[in-house]
Amino acid sequence: MKISELLRSGRPTLSFEVFPPKTSDSFESIRKATEEIAKTRPAFMSVTYGAGGGTGHYTLDIAENLLRRSGVTPLAHLTCVDSTRESILERLGAFRAAGIENVMALRGDIPKEPRLPQERWAYRHASELMREVRDYGGFCIGGACYPETHPESLSRRDDIAHLKEKVDCGCDFLTTQMFFDNNILFNFMYQLRDAGIDVPVIAGVMPVTNASSVTRIIRLSGTQLPQRFKALVDRFGSDPDAMMQAGIAYATDQIIDLYANGIEHVHVYTMNKPEVARKITENLSAILGK
Ligand code: FAD
């Protein structure tokens, strides 16, 4: 099923992100974890992609497995940085052959050590990949957006102008980078609508279930941490069980506040943890009518 249809159903949605293995050793354990997560019956599940494409076949394998064995709609991520046009067309062909109808079209982070010389890169920005996927035909296309501005952007205005280009190039919906303060998302939504971006926006929420991931999250996303969130990490960070409980409670609270304020679609970064998916689904059961 196309995700754009799911998002138009008029009901709130909860969906989950998983990541594929980097090597074959962990394939089975990750496959099982994603199947466990699928048992919670999310609206769809996204499967991330290693930039450059070296491990891209695992994205396909996990996404196809979710579709065939779990009956959950997959969203396969695809990055275009450091890639040739042939490799991207080949990947799209493989997605199509596997019955995958939804592609998250991303640039990917610029690699420190590219596999290809830059002159051979076929795409510089995600918008160019969107156009390629649109011209290929038949896919519903998602794109990334950044409520706290992409770290490389010159300004918020510039970032939103480029986002508009993505939508004009065929992006059917957007998923946000994680954020921990809902006011940041609400302000961002006003700015998107002002810029004429009217595709559905799915809010990305990351339940932080261990303290060490907080430092990594800030480094990767540059997101601001509210005082309430910092206090929770300071108080419970050294006790894994307590941190898991507090992190899930914080994310649940954040999601309920989003739904209550008119955000209809939420995507949870599960970090492949079935317990996170289960607890959050249980906490929202009546809200989601499950
Ligand atoms: P773009 O939309 O191309 O934007 C990147 C930067 O370029 C921005 O600053 C933008 O303003 C600027 N820009 C865009 N167009 C132009 C233009 N025409 N001229 C000048 N500047 C321009 N990474 C992975 O490797 N694998 C994944 O599976 C993955 N999944 C993600 C899912 C989500 C929901 C999010 C939010 C991010 C994900 N990422 C993933 C990270 C993403 O690849 C990085 O953030 C990357 O640096 C930017 O990708 P993008 O698609 O947003 O790029």
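Here the structure is a predicted model, which means the values were calculated and not measured.

**Remarks on the packing of helix α2 (residues 27-38) against helix α11 (residues 274-283)**
Axes are the key here: two packed helices are described by the angle between their axes and the distance separating the axes.
Then step 1. The contact between α2 and α11 brings their axes to 8 Å, and the two run at 5°. In terms of axis orientation, α2 runs roughly parallel to α11. The segment α2 lies against α11, with A33, E36 and I37 engaging P274, A277 and R278.
Then step 2. Looking at the contact of α2 with α11, its residues break down into 4 nonpolar, no polar and 2 charged.

**Comments concerning a positive patch on the surface**
Then step 1. Together, K22, K112, R216 and R219 make up a region of like positive charge exposed at the surface.
Then step 2. Along the chain, the position of R216 falls in helix α8 (residues 212-221).
Then step 3. Judged by its relative accessible area of 34%, R216 is partly exposed.

**Here we look at the environment of G138**
Then step 1. Within the secondary structure, G138 is located in the loop between α5 (126-136) and β5 (140-145).
Then step 2. Exposure remark for G138: the relative accessible area of 52% places this residue in the exposed category.
Then step 3. Between the alpha carbons of G138 and I100 there is a distance of 9.8 Å; along the sequence they are 38 residues apart.
Then step 4. Residues within four places of G138 in sequence aside, it is in contact with K2, R96 and E101.

**Considerations on the environment of C145**
Then step 1. Looking at where C145 falls in the secondary structure, it is placed in strand β5.
Then step 2. Separated by 56 residues in sequence, C145 and V201 place their C-alpha atoms 8.8 Å apart.
Then step 3. Ignoring any residue separated from it by four or fewer positions in sequence, one finds C145 in contact with L163, L174, T175, T176, Q177, F188 and V201.

The rules behind the values
- Residues numbered from 1 in each chain as written.
- Predicted model: local features only at pLDDT ≥ 70, side-chain atom pairs only at ≥ 80, totals over all residues.
- Heavy atoms only, no water.
- Axes fitted to C-alpha atoms, helices over the stretch in contact; angles between N-to-C directions.
- Helix = DSSP H or I, 4+ residues; strand = E, 2+ residues; numbered from the N terminus.
- Parallel < 35°, antiparallel > 145°, perpendicular 65-115°, else oblique.
- Contact = heavy atoms within 4.5 Å.
- Nonpolar A, V, L, I, M, F, W, Y, C, P; charged D, E, K, R; others polar.
- Patch = residues over 30% accessible without salt bridge, like charges linked within 9 Å, V, L, I, M, F, W, Y side chains within 5 Å.
- Areas by Shrake-Rupley, 256 points an atom, 1.4 Å probe, with all protein chains shown as cover.
- Salt bridge = Lys/Arg side-chain N within 4 Å of Asp/Glu carboxyl O.
- Lys, Arg positive; Asp, Glu negative; His and termini not counted.
- Charge placed at Lys NZ, Arg CZ, Asp CG, Glu CD.
- Buried < 20%, exposed > 50% of the residue type's maximum accessible area, 1.4 Å probe, protein only.

So yeah, pure geometry; function would need other evidence.
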